[in-house]
Amino acid sequence: MSTTEYTTYMTDKIGPLPFCPGCGHHMLIKALDKALVKLQLDPMKVVVVTDIGCIGLSDRYFITNAFHGLHGRAITYACGLKLARPDLTVIALKGDGGCGIGGTHLLNVARRNIGITLIVANNFNYGMTGGQHSVTTPTGGVTSTTPWGNVEGPMDLCGTAVAAGAAWVYRSTVFDKELPDFIAQAIEQPGFAMLDIWELCTAYYSPRNKIKKKELYDLIESYGFQLGLLVNKPRPEYRVHYRDAYEAGKSVIKRKPTIDKKYSNNVGKQTGIVIAGSAGQKIKSTATLFAEASIFSGLDATQKDDYPITVMTGHSLAEIIVSPERIDYTAIDSPDYFIVISEDGLKRARPRIEKLPETCTLYAEESLELPETKAKIVRLPLNETAKKVGRLSIAVVALAAVLAETGLFPIEAFETAISTFQKAKIAEINVKAAEAGVELVST
Amino acid sequence: MGREFLEGNEAIARGAMKAKCDFFAGYPITPASSILHYMLELVPQIGGTAIQAEDEIASMGFCIAAAMAGRRVLTATSGPGISLYSENVGLAIMGETPMVIVNIQRQGPATGSATKGAEGDIQFTRWVTSGGLPIIALSPATVGEAYELTYRAFNLAEQYRTPVFVLANKETGVTKESVDLDAIKLPPLIERKRAVPGKEYLPHYFNKLTEVPPISNFGGNHIARFTTSTHDKTAYLTTNPAIIQEMIDHYTAKIDEAADDMALVKKDLEEGAETLIVSYGIISRSAAVAVKDVRSRGGEISSLVIQTLWPVPKMALTEAMKGVKKVIVPEMNMGQYLLEIERLAPPGVKVIGVNKMNTSLVSPREILQKGGLL
């Protein structure tokens, strides 16, 4: 820690501040400097973050760290710095223009309560690009893009931040004598603190709309806005809350066991298996268990799924490849085994079923009306069996039946995968379902 | 460890953790969302922070700033998300920010098919931001490579102080494969070169154009500065054309001139073969099957699989194309890397694109057919 006493946090190394004569930014930057002097923070531990807009020219005039980013995104960089290094003091400076383009970041930093300080230099227009209207331009205000007066309503930045849950919100003008003290208070807040500071743009907005100090206060009064500290409701800062939540919840983290070869197999070549059913029939997770069982049997395996973005409705289809060698091509152009267990699955897979070659065996729930196909058809009472062993185990029944009939690898491997990767209670049901599946083809 | 049955997205997350990633920000998007899920669970376990941001722009903003504050940073999205990352990718290049960006490509343009694969973002990645400076992009073909190349992406990001893309595909991201991650050999971990404490710090200091400036993290041993604006070595704004050109030459040279050093390719070249298949990503596996098929019929054929898509591994490509009459370039797009091959192919060499963008893989058969190998 430095023992230097800082009388200013500004540097004159690159000359005087670059703002237009009379611009409110001069006063705002001076107030921030006074606040920093008051707090005597180590400049190495302070970051001034800005983005595009006249106020964004100011970061490099401080002796602190400086981060100057894309238009409207200062809050995101400030949050990134604070999340990465909670020990840093992070102060973001933005204009009203930046609050428009980056409005969502304002809502979200307030809601998350990330411990940065946001100072908005609010002068009702875009100074840097030639005085266009912004989200805070008063209705009727003349700007280069509202030549006949602004027909849009102004956004209440403080009200917006408050609605989003900001912990500390202050509204004032650059003429406020107490501004340095309140900036210092804001910086000392552990959570998110925002100051909405109204000022004059002497290049564009003030001359065009004949607005000076008195008119600025009149405008505030006409809105019925309060000045001063509007909200002061501290709550845990994001990173503190994040650590606490993790510490409280981390016990649920589990490692998945690995798969060692335990069984032999009878798979001589790359073999493609497709299973088509309905969402909610555990098609994907059962296909994974089947693939894991093949790995227990010394095979290489891949799995791809096809399902709609909704859950528990429509089709669910899984493609499994097992192979004694490394699998290169992961698509199944010509399946060796095709399993269809429901109407949804049939509907989705119909075009493929119609094109199945004679080398393929199609295992189908017996109640389904199948299209013409060259595949060898084996009908199985899958629904009926699943009714007995458990509705959610229909895919286990089907894949166990296929396994028993084809002898690709031992049914024990499937049962091992089930008991290794599923919770004991579910595994118990599924091992029974697998046995029931084997029964279907052995009788 | 032992074998596991994993999707590529999980391997990417595990590769990042192996590379000591301690910061993640991302926004949900199919088919990349599971990387966000894995990272949200894994990163706090080592004391880091992982956060779901309000959008892709914020994800990049969080990441760039965290990287400049010393974190090892990952973000992940899909093509539409990269569109929103674009401006901030430029910022990361401009500020020489080490970070890794994963793109699990899906069928585009626009929303396209969220759950379907494609590799339509190859040239988009190369020219991802305004200004058009070089970037690094790695393309995994398997779940194992997703792990390895994500790890290597961190090394490249730190070594060259630049954003590095892992340009994967839904077909590698959410396809499960059996893999033993611990059996994969990885190079030693590389950390960014740090500026010497006690000495003056220039955030973009270099002597030779190719030199990568040492970094001082925000909150570290120096006052740090970072800017989106055209700047000199001190990170102060400049309008001096000579300095501007020097900085642009530096950003360009540090990547382009290292292209052959960082090149990762898999050569399977056959002496005297007149046909070469150049492939990358998931389609390199279809190419492997096609190559086996040709050879099983007594034919001669060479294959070059490219993992470092950008910068183009010129030397490896030039060598592989020596003496061949035909180069076949299969892609899950309408012919993007083909442009690079056409650019580098010696005169008289026929370059054939095998292109498909209908959400299904380019099959070995299509390569054989369109490549005239049947």
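Each remark here, short or long, concerns the structure printed above.
For the structure given in this document, a descriptive report is provided here.

## A look at the layout of surface pockets
Line of reasoning, step 1. Space inside the second largest pocket adds up to approximately 640 Å³.
Line of reasoning, step 2. Lining the second largest pocket are 24 residues, with Gln270(A), Tyr329(A), Ala331(A), Val289(B) and Pro364(B) sitting closest to its centre.
Line of reasoning, step 3. Of all the secondary-structure elements, those providing two or more residues to the lining of the second largest pocket are strand E10 (271-278) and strand E12 (315-323) of chain A together with helix H10 (283-296) and helix H13 (364-370) of chain B.
Line of reasoning, step 4. Grouping the constituent residues of the lining of the second largest pocket by class yields nine nonpolar, six polar and nine charged.

## Considering unusual backbone geometry
Residues and elements named next belong to chain B.
Line of reasoning, step 1. With an omega of 0°, the peptide bond running from Thr30 to Pro31 counts as cis.
Line of reasoning, step 2. When you line up the elements, Pro31 lands in the loop between strand E2 (23-26) and helix H2 (33-42).
Line of reasoning, step 3. The amide bond that connects Trp310 to the next residue, Pro311, takes the cis arrangement and shows omega of -5°.
Line of reasoning, step 4. The phi dihedral of Lys20 falls on the positive side, at around 65°, and the residue is not glycine.
Line of reasoning, step 5. Position of Lys20 among the secondary structure elements: in the loop between helix H1 (8-18) and E2.
Line of reasoning, step 6. At Arg161, a position not held by glycine, the phi torsion is positive, near 50°.
Line of reasoning, step 7. On the secondary structure map, Arg161 appears in the loop between helix H6 (143-160) and strand E7 (163-169).

## A closer look at the sheet that holds strand E11 (residues 275-279) of chain B
Residues and elements named next belong to chain B.
Line of reasoning, step 1. If you walk across this open sheet you meet the five strands as E10-E12-E11-E14-E15, and the pairing is mixed. Each end of this open sheet is capped by a strand with a single partner; those strands are strand E10 (265-268) and strand E15 (350-355). For this sheet, the mean angle separating the axes of adjacent strands, direction not counted, is 15°.
Line of reasoning, step 2. Of the pairings in the sheet, the one linking E11 to strand E14 (residues 326-331) comprises three bridges and is parallel in character. Residue pairing across strands places Thr275 opposite Lys326, the latter belonging to E14.
Line of reasoning, step 3. Against the sheet, H10 makes contact with E10, E11, strand E12 (302-306) and E14, and its axis sits at roughly 160° relative to E11, the strand it touches most.

Calculation rules
Residues numbered from 1 in each chain as written. Chains lettered and ligands numbered in written order. Predicted model: local features only at pLDDT ≥ 70, side-chain atom pairs only at ≥ 80, totals over all residues. Heavy atoms only, no water. 1 Å grid on protein atoms, 1.4 Å probe; cavity = no way out; pocket = protein on both sides within 12 Å on 5 of 7 lines; lining within 4 Å. Points joined across faces, edges and corners; volume = space filled by probe spheres on them. Helix = DSSP H or I, 4+ residues; strand = E, 2+ residues; numbered from the N terminus. Nonpolar A, V, L, I, M, F, W, Y, C, P; charged D, E, K, R; others polar. Pairing = 2+ DSSP bridges. Axes fitted to C-alpha atoms, helices over the stretch in contact; angles between N-to-C directions. Contact = heavy atoms within 4.5 Å.

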